[in-house]
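Spelled out from the first residue to the last, the chains are:
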Amino acid sequence: MDTPVDGERELILRVATGLFAGLGYDTTSVEQIAEAAGVRPAAVYEHFTDKRRLYLAVMERAHRALAAVIEPRSDELREAPPERKAEALHRFVDGYLDLCAEHPEVPRLWAHRWMSDASDIVDLEPRSAQPLTQYAVDGVASVAKPADLDPLFITYTIIWCVQGFALSGVLDGTGQRRGVEDVRMTQRFRAHLHQLLDRALELPAR
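This text gives an overview of the structure that appears in the document. (Residues numbered from 1 in each chain as written. Predicted model: local features only at pLDDT ≥ 70, side-chain atom pairs only at ≥ 80, totals over all residues. Heavy atoms only, no water.)

Here we look at the packing of helix α7 (residues 124–144) against helix α8 (residues 151–168)
Contact geometry of α7 with α8 gives a least axis separation of 8 Å together with a crossing angle of 110°. The angle between the axes of α7 and α8 places the two elements in the roughly perpendicular class. Between α7 and α8, the contacting residues are T133, A136, V137, V140, A141 and A144 on the first element and P151, L152, I154, T155 and Y156 on the second. When its residues are assigned to classes, the contact of α7 with α8 shows nine nonpolar, two polar and no charged. (Axes fitted to C-alpha atoms, helices over the stretch in contact; angles between N-to-C directions. Helix = DSSP H or I, 4+ residues; strand = E, 2+ residues; numbered from the N terminus. Parallel < 35°, antiparallel > 145°, perpendicular 65-115°, else oblique. Contact = heavy atoms within 4.5 Å. Nonpolar A, V, L, I, M, F, W, Y, C, P; charged D, E, K, R; others polar.)

See the structure below:
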């Protein structure tokens, strides 16, 4: 059963996630987080000591969400027999896309880091992102190597495409931007990415 202290910590963590995802770490202050959460700045420090530890807690939660999707689907892709590789790859892609759609804060947090946000916090990539990325690359290698393609860059092609769509969507021909909130456009993007990868990796058509 959650205590009031647990509830306050969760509230701070949730509000900080939204602000770090929207504004970035460097431009978000503890005072902003406290105000948005409706607590005193001292309460933030009681739970997280400083802004750096709060940010690390936010990024650890984002990492767990990614790992819960990527690791089992990478395992499935690696272990699938040749005739099931396309299906397993589609589930890998779909899981990642669905995560980014349901938790847009995750791609936004990492997009800020790609733009050198929180550049003084240097251990996230080697400790968190790199092992998980390598796990994905090892799974993707089972379809990339038979097609004589680079597993690392096939993996990053998936990452770049999914995150790009999740973050900015596409113009729909009328000048309106459509992204993961648009079900039909997301279905269209999903089908396109499946087809793109199937052809690049020479996987049998469904």
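Focus on the side chain of R190
Following the sequence through the fold, R190 ends up in helix α9 (residues 183–200). At a separation of 3.0 Å, a polar atom in the side chain of R190 contacts the side chain of D98. Excluding anything up to four places from it in sequence, R190 contacts D94, L97 and D98. (Polar contact = N/O pair within 3.5 Å; in protein donor to acceptor, adjacent residues only side chain to side chain.)

Details of the side chain of K51
Looking at where K51 falls in the secondary structure, it is placed in helix α4 (residues 51–79). Although K51 is buried, it forms no salt bridge, and the closest oppositely charged side chain is D26 at an N-O distance of 5.7 Å. For K51, the contacting residues outside a window of four places in its chain are F20, Y25, D26, T28 and V30. (Buried < 20%, exposed > 50% of the residue type's maximum accessible area, 1.4 Å probe, protein only. Lys, Arg positive; Asp, Glu negative; His and termini not counted. Salt bridge = Lys/Arg side-chain N within 4 Å of Asp/Glu carboxyl O.)

Describing the packing of aromatic side chains
Tallied over the entire structure, the rule returns six aromatic pairs. Consider the rings of F153 and W160, whose centres lie 6.4 Å apart with planes at 55°: the pair is tilted. The class for F153 is partly exposed, based on a relative accessible area of 46%. A ring pair is formed by F165 and F189, whose centres lie 4.3 Å apart and whose planes are at 5°; its orientation type is stacked. Residue F165 is found in helix α8, and its partner F189 is found in helix α9; the two are separated by 24 residues along the sequence. (Phe/Tyr/Trp six-rings, centres within 6.5 Å; stacked < 30°, edge-to-face > 60°.)

Points about the nonpolar core
Core analysis: the biggest nonpolar cluster contains 62 residues, and F20 and L54 have the highest contact counts within it. Among the elements that line this core, the one with the most residues is α4, at twelve residues. Ignoring anything within four residues of it in the chain, the contact list for L54 reads I12, L13, A16, F20, I33, V44 and F48. (Core = buried A, V, L, I, M, F, W, Y, C linked by side-chain atoms within 4.5 Å.)

Remarks on the packing of α4 against α7
Across the interface, α4 lies against α7 with an axial gap of 9 Å and an inter-helix angle of 15°. When the axes of α4 and α7 are compared, the pair comes out roughly parallel. When you trace α4 past α7, the crossing you get is left-handed. A breakdown of the residues in the contact of α4 with α7 according to their chemical character gives 13 nonpolar, five polar and six charged. (Left-handed = near helix turned anticlockwise from the far one by under 90°.)

Focus on unusual backbone geometry
For D148, which is not glycine, the phi dihedral falls at a positive 60°. Along the chain, D148 turns up in the loop between α7 and α8. Its relative accessible area of 71% is what places D148 among the exposed residues. Even without glycine at this site, E202 takes up a positive phi of about 60°.

Considering helix α2 (residues 30–37)
Regarding α2, the residues found buried are V30, I33, A34 and A37. Taken end-on, α2 shows its buried residues confined to a sector of 95°, consistent with a single buried face. Phi turns positive, to about 75°, at G38, one or two residues after α2. (Arc of directions from axis to C-beta.)

Shape is all these values report; function is a separate question.
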